[in-house]
Amino acid sequence: MGRRVSIASVLVFACVLRGGVARAGTGASDQEQMKGLDEQVQEIKSDVLDIAQELSRLEEKLLFPSGTQVAVFVELAPGDTMRLDAVRLSIDGKLVAQSIYSFKELEALHKGGVQRLYVGNVSTGEHQLEALVEGKAGDADFSRTEHFTFRKEVKPKLVGLKLTSSAPVALEEW
Amino acid sequence: MRPGRRLLGVGVAACLAAQPGVCAELKDLYFGEALYHAYQGDFFDALQRLDTELAMYHGLDEPSRDTLTYHVGQAEFSVGDFELDYRMHLRAGRAIKAVLEGAVDEAVRNEAAYRLAKIHFEKGQLDDAVQALSRIQGKVPDAIRDDVEFLRANVDLAMGKPAEAVTVLQPLRSDANLSGFVAYNLGIALLEEGHADEAVRQLDAAGQLAASDDAGLAIRDKSNLVLGALLFESARYDDAKRSLDRVRLEGPFSNQALLRAGFAEAQAKQYDRALVPWTVLAEREPTDAAVQEAMLALPSAYASLNLHGRAAVLYGRALEQISGQLERVDASIESIRQGRFLTALVREEARQDEGWVIKLRNLPEAPETYYLMELMASHEFQTALHNYLDLEDLRAKLAGWKTGLDAFEDMIRLRGANYEPLLPEVDARFRDLDARMRLRLEQKKNVGKRLQAMLTAPRPEYLATAEERIDGERLTAIEKVAGADPAVARRVAHLRGVLTFRLRTEYHERLTAAFKDLEALNADLETLTKQYDDFVRARQAATQSYTGYDVTIQRLRRRVEDAAVGVDGLMARQGQMIETVAVHQLTARRDRLAAQQTEARYAVADSYDRAARAQAGEEAR
């Protein structure tokens with residue numbers, strides 16, 4: 001996370017540097033109360049995060065047991081500037097997930113984030129995966145459908161789809 | 001339940017101790033997923049993913065064989081970063097301390113110490129900040145070297161040690177990213193140290209630095225504004241005016257600069273020149289404090305120029321506007337007391353934009369925000385507002401989870417209802433098949449042993465076909481019946497000889513065929529074993545799909561309910577705090593407006609009197 005300096009921080013910072021200048025609008029007792037509340041908010045955030053973790057483990061165990069779990073991730077090749085519009089995913093001919101990308105999501109992918117597009121259950125053995133990718137590279141729109149085969153073993157199956165504008169979708173099995 | 005991962009070779013942790021963002025190639029999908037959420041500003045989800053991932057990583061017997069190994073240093077840092085972004089400074093501090101105390105590279109440790117010091121500084125814990133900075137020793141990453149020194153100077157300044165700050169800041173003046181801030185802070189440090197002339201020179205330089213981004217332009221404006229104020233206080237009005245003129249007309253400090261520029265001219269008795277900035281300012285957003293001051297300053301300048309008629313008109317207009325603003329402030333206070341301010345704050349569209357607080361003022365149903373710009377810019381208020389929004393998110397999440405737990409219980413009940421009647425019959429059939437399978441496996445094992453033994457101690461009779469075995473038994477029976485008849489005995493011996501001859505001559509072929517058959521049986525058995533294992537797993541999964549969740553769900557339900565109560569209570573208090581502070585702020589503005597209103601009333605009357613007297617004087621002449 002790089003250095004981020006906002007106008008608001010400049011204003012606040014200027015107040016800090018001027019020493020005796022009071023923080024805008026809030027008195028000392030208000031500040032104390034806000035600080036106390038802030039600490040309590042942090043504590044409850046921490047509690048809720050712990051609950052979220054436990055809930056996520058429970059959900060995974062209940063809905064996607066390791067014996068049948070398959071997860072499909074989507075990432076963009078580093079440095080690729082394509083505008084990804086949508087991805088549609090089918091497993092064994094059945095549509096399982098589709099995503100239309102917002103600006104924020106696309107930005108996150110361009111920065112190197114990986115989207116977990118689908119989590120589901122399949123039996124052990126061979127499966128067919130079809131990925132339809134739509135977007136724009138340079139001035140041209142493109143729509144590309146790729147077919148893959150993956151093998152589900154007893155352990156959870158992780159499938160990564162690396163998208164590039166200049167080459168076919170690459171499938172990585174984990 | 002950790003998904004299987006691609007195993008790594010040992011010693012490939014190239015990015016183990018790398019700085020965040022340095023390791024280009026992503027090796028761990030779940031870490032990438034956490035980043036995906038963080039890059040979208042969803043720090044709760046990012047933290048949840050990354051905390052889970054790190055907990056699993058540290059729980060592994062051989063974490064070095066996990067794909068997170070490539071990123072673990074970066075991940076530990078990212079946790080601290082995400083926590084900071086999610087305004088969890090206490091936990092962020094702990095996360096960074098953990099990195100600090102771990103067996104990490106010197107550069108990583110120094111970066112962690114820097115981050116920790118920054119957190120302490122932002123929270124006003126200056127002694128802790130100093131202590132954290134003192135842990136920075138040896139190699140400091142290039143990317144943060146200047147930031148470390150800049151922070152050190154800020155801590156010195158905040159602790160009232162301007163001389164130390166000056167010493168630290170002086171060598172930093174050439175850094176491109178920080179130049180505006182360093183130059184400004186150096187000016188302030190010199191000023192606080194008592195070197196007013198040097199401070200003026202420094203701020204003058206800071207006010208003329210090239211800048212392209214908003215923050216750089218803002219700090220340059222701020223330098224010029226502070227310099228203008230300093231020069232004004234030193235009665236150097238022309239210099240003050242020159243400095244204030246450098247402040248951009250569209251920047252955040254523009255109104256203050258215009259107001260002060262007018263005062264600088266007025267102090268120099270240049271009332272006609274004071275009219276220029278004040279006229280511009282008086283036409284701006286009437287809720288701004290500087291604009292309201294200008295509304296009164298402008299007619300006072302006309303009055304000083306003996307243009308009392310014009311002054312009277314402008315005082316009248318100011319009175320009207322100030323009275324209007326007073327009504328607006330009263331309406332705002334009332335609106336806040338009715339809870340509309342908080343309602344406006346949690347609007348979904350307002351959250352989509354970082355500048356949402358500023359844009360709130362455009363909402364017709366949120367008039368209270370007109371007067372809260374200054375307050376909203378304060379760090380405490382921003383924190384309180386964001387906390388309120390975070391609590392609102394948590395409230396929604398907890399409500400969703402509560403429903404989710406109901407659904408889980410329902411699902412478990414349905415699964416139980418489906419499996420319970422089926423499983424006894426399935427188990428009985430399985431036990432039967434299991435017994436038969438074990439028997440056959442035992443038989444196969446014995447056959448295998450026999451064949452192995454026959455390699456060293458040939459037993460041709462073991463390889464006789466069923467027909468040959470029957471023939472042999474028949475010959476034995478004939479021998480018994482025929483007794484001592486030599487012709488029959490000879491004939492039986494001949495036939496037995498043929499049988500034995502065949503068995504012995506075909507022995508090797510038959511043994512090979514038997515081994516091949518056993519081999520073929522192995523393949524079948526392998527398939528059978530796999531089916532058996534699949535069945536056992538499916539059987540286990542069936543039970544596991546509905547048993548053993550009660551305690552976990554009950555505990556989670558209790559935790560969710562407790563947290564929901566806590567969140568509701570905190571939201572109420574946080575909301576009340578925000579409203580109280582906002583009302584305090586508005587009341588202060590109201591008091592100032594009321595004073596200005598009184599001032600304007602007297603000034604209107606006085607100006608009309610003067611104008612009338614002047615007119616009478618002219619008529620008399």
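## Notes on the overall build of chain A
Helices and strands together make up the secondary structure of chain A, namely three helices and eight strands. The linear arrangement of helices and strands in chain A, starting from the amino end, is α-α-β-β-β-α-β-β-β-β-β. Considering chain A as a whole, with its 174 residues, one finds that 28% of them fall into the buried category. Residue pairs at least 24 apart in sequence account for 61% of intrachain contacts in chain A once pairs closer than 6 positions are excluded.

## Here we look at the sheet that holds strand 7 (residues 157-163) of chain A
All names here are of chain A. Sheet architecture is open: four strands sit in the order 4-1-7-8, paired in mixed fashion. Lying at the two open borders of the sheet, with one neighbouring strand each, are strand 4 (115-121) and strand 8 (170-173). For this sheet, the mean inter-axis angle between neighbouring strands, taken without regard to orientation, is 20°. Bridge count for strand 1 (residues 69-76) against strand 7 is seven bridges, and the pairing is parallel. Counterpart to L76 in the pairing with strand 7 is L163.

## Examining the sheet that holds strand 6 (residues 140-152) of chain A
Residues and elements named next belong to chain A. The strand order 3-2-5-6 describes an open sheet built from four strands, whose pairing is antiparallel. Strands with a single pairing partner mark the edges of an open sheet, and in this sheet they are strand 3 (94-100) and strand 6. Here the strands of the sheet are splayed against their neighbours by 15° on average, with no regard to which way each runs. Pairing of strand 5 (residues 125-137) with strand 6, which is carried by 13 bridges, proceeds in the antiparallel orientation. Following the sheet pairing, A131 is matched in strand 6 by E146.

## Side note on the pairing of strand 8 of chain A
All names here are of chain A. Pairing geometry for strand 7 and strand 8, over four bridges, is antiparallel. When the bridges of strand 8 are listed, G160 appears paired with E172. Two successive antiparallel strands, strand 7 and strand 8, enclose a turn made up of six residues.

## Remarks on the nonpolar core
Residues B:L47, B:A117, B:L169, B:W278, B:A294, B:L298 and B:Y315 are the most contacted members of the largest nonpolar core, which totals 171 residues. For this core, the element with the most residues is helix 25 (residues 550-620) of chain B, which contributes 15 residues. The contacts of B:L47, once residues within four sequence positions are left out, are A:L49, B:V79, B:F82, B:E83 and B:Y86.

## Structural notes on the interface of chain A and chain B
Counting residues at the interface gives 66 residues for chain A, matched by 71 residues for chain B. Going through the elements one at a time, helix 1 (7-17), helix 2 (28-63), strand 1, helix 3 (103-110), strand 4 and strand 7 of chain A are the ones with two or more residues in the side of chain A that touches chain B. With 27 residues, the top contributor of residues to the side of chain A that touches chain B is helix 2 of chain A. In terms of residue class, the side of chain A that touches chain B is built from 31 nonpolar, 17 polar and 18 charged.

## Describing unusual backbone geometry
The phi angle at A:D92 is positive, at roughly 50°, despite the residue not being glycine. If you trace the backbone, A:D92 turns up in the loop between strand 2 (83-91) and strand 3. The class for A:D92 is exposed, based on 12 C-beta atoms found within 10 Å. Of note, B:N306 is a non-glycine position whose phi angle comes to about 65°, a positive value. With respect to the secondary-structure elements, B:N306 resides in the loop between helix 15 (289-304) and helix 16 (308-337).

## So, the pairing of strand 5 of chain A
Residue and element names in this part refer to chain A. Strand direction decides the pairing type here: strand 2 and strand 5, joined by eight bridges, are antiparallel. Looking at strand 5, one finds that L84 is bridged to G135. Where strand 5 folds back on strand 6, the antiparallel hairpin that results is connected by two residues, among which G138 adopts a positive phi of roughly 65°.

## Here we look at the confidence of the model for chain B
Residues and elements named next belong to chain B. Of all residues in chain B, 91% attain a pLDDT of 70 or more, and the chain-wide mean is 86. At the low end of the mean pLDDT range in chain B sits helix 19 (residues 356-359), at 53; at the high end sits helix 1 (residues 29-39), at 95. Throughout residues 1-23 the model reports pLDDT below 50, and contacts reaching past four residues in sequence, or to other chains, amount to 52 contacts. The ipTM, which scores confidence in the relative placement of chains, is 0.87 for this predicted complex, and the corresponding pTM is 0.74.

## Digging into helix 1 of chain B
Counting buried positions along helix 1 of chain B yields 10 of 11 residues, so the element is predominantly enclosed. Listed in full, the buried residues belonging to helix 1 of chain B are B:L29, B:Y30, B:F31, B:G32, B:E33, B:A34, B:L35, B:Y36, B:H37 and B:A38. Lining the buried residues of helix 1 of chain B we find strand 1, helix 3, strand 4 and strand 7 of chain A together with helix 2 (43-59) and helix 3 (72-85) of chain B. In the segment just after helix 1 of chain B, B:G41 is the residue with positive phi, at about 85°.

## Things to note about the packing of helix 13 (residues 254-267) of chain B against helix 15 of chain B
All names here are of chain B. It is at 10 Å that the axes of helix 13 and helix 15 come closest, and there the two elements cross at 25°. Overall, the two elements helix 13 and helix 15 adopt an arrangement that is roughly parallel. As helix 13 packs across helix 15, the resulting crossing turns out to be left-handed. Across the interface between the two elements, N255, Q256, L259, G262 and A266 from helix 13 touch A290, V291, E293, A294, A297 and A301 from helix 15. Of the residues assigned to the contact of helix 13 with helix 15, the class counts are seven nonpolar, three polar and one charged.

## Some details on the confidence of the model for chain A
On average, residues of chain A score 83 in pLDDT, and 83% of them are at 70 or above. Below a pLDDT of 50 lies the segment residues 1-25 of chain A, which in the model reaches 43 contacts outside its immediate sequence neighbourhood of four places, other chains included.

## Observations regarding the packing of helix 15 of chain B against helix 16 of chain B
To characterise two packed helices, one gives the angle between the axes of the helices and the distance between these axes. Residues and elements named next belong to chain B. It is at 8 Å that the axes of helix 15 and helix 16 come closest, and there the two elements cross at 165°. In terms of axis orientation, helix 15 runs roughly antiparallel to helix 16. Here helix 15 runs over helix 16; the crossing is left-handed. Seen from helix 15, the contacting residues are Q292, M295, L296, L298, P299, Y302 and A303; seen from helix 16, they are H308, R310, A311, L314, Y315, A318, Q321, I322 and Q325. Taken together, the residues of the contact of helix 15 with helix 16 sort by class into 11 nonpolar, four polar and one charged.

## Topic: helix 5 (residues 106-122) of chain B
All names here are of chain B. A rise of 1.5 Å per residue sets the reference length of helix 5, with its 17 residues, at 24 Å; its end C-alpha atoms lie 24 Å apart and thus fit the reference within 8%. Judged by how many residues are buried, helix 5 sits mostly within the fold: 14 of 17 residues are covered. Positioned one or two residues after helix 5, G124 has a phi angle of 80°, which is positive.

## Quick look at the environment of B:P162
Residues and elements named next belong to chain B. Examined against the element boundaries, P162 turns out to sit in helix 8 (residues 162-169). The class for P162 is buried, based on 24 C-beta atoms found within 10 Å. For P162, the residues in contact, after removing those within four places along its chain, are L157, A189, E192 and E193.

Thresholds applied
- Residues numbered from 1 in each chain as written.
- Chains lettered and ligands numbered in written order.
- Predicted model: local features only at pLDDT ≥ 70, side-chain atom pairs only at ≥ 80, totals over all residues.
- Helix = DSSP H or I, 4+ residues; strand = E, 2+ residues; numbered from the N terminus.
- Buried ≥ 20, exposed ≤ 12 C-beta atoms within 10 Å, placed from the backbone.
- Contact = placed C-beta atoms within 7 Å.
- Pairing = 2+ DSSP bridges.
- Axes fitted to C-alpha atoms, helices over the stretch in contact; angles between N-to-C directions.
- Core = buried A, V, L, I, M, F, W, Y, C linked by C-beta atoms within 7 Å.
- Nonpolar A, V, L, I, M, F, W, Y, C, P; charged D, E, K, R; others polar.
- pLDDT = per-residue confidence, 0-100.
- Parallel < 35°, antiparallel > 145°, perpendicular 65-115°, else oblique.
- Left-handed = near helix turned anticlockwise from the far one by under 90°.
- Expected span 1.5 Å × (residues − 1).

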